[in-house]
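Summary of structural features
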Amino acid sequence: MSDEADSDGIEGRMDGYDQARWTDGERYEPLLSEKNSREVEVDTPLPDDLTRDSLELPDLSEPELARHYTRLSQMNYGIESGPFPLGSCTMKYNPKFTEDLAALPDGAVHPDRDGETIQGTLGVYAQLQDHLARIGGMDSVTLQPPAGAAGELAGVLIAQAYHEHNGDERTEIVIPDSAHGTNFASAAMAGFDVVQLPSGEDGRVDLDALEAAIGEETALLMLTNPNTLGLFERDIVEIAEMVHDVGGLLYYDGANLNALLGRARPGDMGFDIMHYNVHKTFATPHGGGGPGAGPVGVNEELTPFLPTPHVRESDGGYERYEPEHSIGKVHGFCGNWLVLLKAAAYIARLGDEGLVDASAKAVLNANYLAEQIEYEVPFGPFHHEFVASAGDQDAADVAKRMLDYGVHPPTTKWPEIVGEALMTEPTEVENRRTLDQLADAFNAVASEGAETLASAPQRTASRRIDQVSAARNPRLSWQALEDE
Ligand SMILES: Cc1ncc(COP(=O)(O)O)c(C=O)c1O
């Protein structure tokens, strides 16, 4: 293996890529308070032991402030810097018109206002519930959960309440080994025992293993389809029958719904409950670290168990109500309104034809990219994503090195069915030029030696960080830095 990238195209781009690095001496872009600050007297009615006498606050002009945040953004990589092919975790570019809509001053109504005064808002909730139900083949949808993982937990609690209501004690949830970590966490948080299902040699559910795993203890089988390898579970109808025959329910992890949008519906495949990852399938930011949404759809039998409040039509208008056997609240009010508004706007703008087109592009892009890259890509053909293997290279090193080529790396080392996994999802928003740029970056890194990879990244604002310490021992406050 040569340490040099041999593609002319990527060499050209390499010369042109360097992430901004704003420093002041040894320090990165200083904190606002370090640039200039002044003491402010604190005058407050709160008791003395709860307050300070004075407070040091930044004292800066507007240009200084604007430049500070611009510099910080230039030292970061985001979806507006370049492609972000994170398989499963999917970061896609969201159109600005949804942001504009959510920023309208009239949009920000207080969620606790009297229903009579927010009929328009409740109408949008009801409309989005209906759109999602129709798209998923479900009978009703709650918009309350604030993220995909929170949707999973809500769905699991609904299944639990349903079984309990029927006097059916079920203690186990079956989950394939390729599933997202949140599936296992949601099942365990709700108090279930997790039964892990080994994948078959073709990367799909192994029906014999499933037969052995399910029984009268089974409350739920959680599946995503296409699965995290980007493969459609062809036996899904049989799988649903097997689970229903033992009295269990079928849960659809909707993270990969962008592969099927407008073409196939989980409800028609036999799924009873599903969540929608609106940040992947529609147009909202990812929930991690901010307000998100993970609506949950259910069939008719499970509708009385939905969280409260739920929105429905009444007397020519809309009202909030508590479903008969509601599991209670999983989040405040009816969910994160402005996030949901963006999803509603996106669905309305695309229309049925646009949704079908989005899934076509998601699938085409994944398969095109899988064909362009020189890493081994087992399995296939794919839906929205594929998992390549870094082979002899360390997938984490590959990821770091890709940053030097001005693209974000794929998800790495998961699912474990593929050694040194590079789980890649270009998403439906990228065009062929960008896919070629991504392929060039993959291929340049594939031809590089271990030394180059181990010392990457070189051209980013931060060099390689100690990820374990950063995760286990984070210093998130200015105070911690000061103390040091
Ligand atoms: C397959 C799968 N399921 C569930 C989730 C959880 O979704 P969220 O990140 O919105 O909590 C993810 C992550 O995005 C995922 O990839």
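Basis of the calculations
Residues numbered from 1 in each chain as written. Predicted model: local features only at pLDDT ≥ 70, side-chain atom pairs only at ≥ 80, totals over all residues. Heavy atoms only, no water. Near = heavy atom within 4 Å. Polar contact = N/O pair within 3.5 Å; in protein donor to acceptor, adjacent residues only side chain to side chain. Areas by Shrake-Rupley, 256 points an atom, 1.4 Å probe, with all protein chains shown as cover. Helix = DSSP H or I, 4+ residues; strand = E, 2+ residues; numbered from the N terminus. Patch = residues over 30% accessible without salt bridge, like charges linked within 9 Å, V, L, I, M, F, W, Y side chains within 5 Å. Salt bridge = Lys/Arg side-chain N within 4 Å of Asp/Glu carboxyl O. Buried < 20%, exposed > 50% of the residue type's maximum accessible area, 1.4 Å probe, protein only. Pairing = 2+ DSSP bridges. Axes fitted to C-alpha atoms, helices over the stretch in contact; angles between N-to-C directions. Contact = heavy atoms within 4.5 Å. Core = buried A, V, L, I, M, F, W, Y, C linked by side-chain atoms within 4.5 Å.

Here we come to the site of the ligand. Residues in close proximity to the ligand total 13 residues, the closest being Ser88, Gly148, Ala149, Asp253 and Lys280. For the ligand, an oxygen atom lies 2.5 Å from a polar atom in the side chain of Ser88. Interatomic distance of 2.6 Å between a side-chain N/O atom of Asp253 and a nitrogen atom of the ligand. Contact with the protein chains removes 93% of the 380 Å² of surface that the ligand exposes when unbound. When contributions to the shell around the ligand are tallied by element, the ones reaching two or more residues are helix 6 (148-165) and helix 11 (278-281). When residues of the shell around the ligand are assigned to their parent elements, the largest contribution, three residues, is made by helix 6.

What follows concerns a nonpolar patch on the surface. Side chains of Leu65, Tyr69 and Leu72 sit close together on the surface and give an oily, nonpolar patch of about 270 Å² of accessible area. Counting through the fold element by element, Leu72 comes out in helix 3 (residues 62-74). What makes Leu72 partly exposed here is its relative accessible area of 35%.

This brings us to the sheet that holds strand 14 (residues 386-389). Across the sheet, which stays open at both edges, the three strands sit in the order 14-16-15 with antiparallel pairing between neighbours. Among the strands making up the open sheet, the edge pair consists of strand 14 and strand 15 (411-412). Relative to strand 16 (residues 421-424), strand 14 is paired through four bridges, and the arrangement is antiparallel. Each bridged residue has a counterpart across the sheet, and for Ser389 the counterpart in strand 16 is Ala421.

Turning our attention to the sheet that holds strand 10 (residues 273-276). Strand order in the open sheet formed by seven strands is 5-11-10-9-8-6-7, and the pairing between neighbours is mixed. Looking at strand neighbours, the two that pair on one side only are strand 5 (140-142) and strand 7 (193-197), the edges of this open sheet. Sheet twist, expressed as the average angle between the axes of neighbouring strands with direction ignored, equals 25 degrees. Examined bridge by bridge, strand 5 and strand 11 (residues 296-298) share three bridges and lie antiparallel to one another. Bridge pairing in strand 11 links Ser140 to Val298. Helix 7 (residues 181-189) contacts strand 6 (172-176), strand 7, strand 8 (218-223) and strand 9 (249-254) of the sheet and is inclined by roughly 175 degrees relative to strand 6.

Another point: the nonpolar core. Within the largest apolar cluster, 52 residues are counted, with the highest numbers of intra-cluster contacts made by Leu221 and Phe282. The element contributing the most residues to this core is helix 12 (residues 337-372), with ten residues.

What follows concerns unusual backbone geometry. Of note, the bond from Asn225 into Pro226 is cis; its omega dihedral lies within 30 degrees of zero at 0 degrees. As for its placement among the helices and strands, Pro226 is situated in the loop between strand 8 and helix 9 (236-245). Note that the residue after Ala456, namely Pro457, is joined by a cis bond; omega there is 0 degrees. One non-glycine residue, Lys413, lies in the positive phi region at around 65 degrees. Locating Lys413 in the fold gives a position in the loop between strand 15 and strand 16. The class of Lys413 is partly exposed, set by a relative accessible area of 38%.

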